[in-house]
Amino acid sequence: MDAANRDLIERTAQPRYPNGERKLARDPFMQATWVLLGAAALAQLILLLALDVMS
């Protein structure tokens, strides 16, 4: 990684709680996004298995 990229990463550090946890981890929007992503993955797996059984 060159110096410009390193400087950018250092200047845009994510905000954290005193215990080191990222603040974005507790954001309701991000939590809902991960739930929807998990639900979509589970739905795809169920549909894949259903199509496999039906064929």
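Everything below is about the structure printed above this text.
Residues numbered from 1 in each chain as written. Predicted model: local features only at pLDDT ≥ 70, side-chain atom pairs only at ≥ 80, totals over all residues. Heavy atoms only, no water.

Looking at the pattern of salt bridges
Definition in use: One side-chain nitrogen of Lys or Arg within 4 Å of one carboxyl oxygen of Asp or Glu is enough to make a salt bridge. Between buried and exposed lies partly exposed: a residue is buried under 20% and exposed over 50% of the maximum accessible area for its type, with that area taken using a 1.4 Å probe on protein chains only.
Applying the stated criterion across every chain, the model contains one salt bridge. Among the salt bridges present, the one from Glu21 reaches Arg26, with a minimum N-O distance of 2.8 Å. By relative accessible area, which is 28% here, Glu21 ends up partly exposed. By relative accessible area, which is 44% here, Arg26 ends up partly exposed.

Things to note about the environment of Lys23
Heads up, the rule is: To qualify as a helix, a DSSP run of H or I must reach at least 4 residues; to qualify as a strand, a run of E must reach at least 2; elements of each kind are numbered from the N terminus. Here, two residues are considered to be in contact whenever any of their heavy atoms come within 4.5 Å of each other.
In this structure, Lys23 sits in the loop between helix H1 (3-11) and helix H2 (28-54). Overall, the relative accessible area of 39% leaves Lys23 in the partly exposed class. Sequence-wise, Lys23 and Leu47 are 24 residues apart; in three dimensions their C-alpha atoms are separated by 35 Å. Not counting residues within four places of it along the chain, the set of residues in contact with Lys23 comprises Pro15, Arg16 and Tyr17.

Describing the packing of aromatic side chains
Defined as follows: Each Phe, Tyr or Trp ring (for Trp, its six-membered ring) is paired with any other whose centre lies within 6.5 Å, and the angle between the two planes then decides the class: stacked below 30 degrees, edge-to-face above 60, tilted in between. Here, a charge over a ring is recorded when the distance from Lys NZ or Arg CZ to the ring centre is within 6 Å and its angle to the ring normal is within 35 degrees.
In total, this model carries zero aromatic pairs according to the counting rule given. Against the face of Tyr17 rests Lys23, its NZ or CZ located 5.5 Å from the ring centre. Over the face of the ring belonging to Tyr17 we find Arg26, whose NZ or CZ atom lies 4.1 Å from the ring centre.

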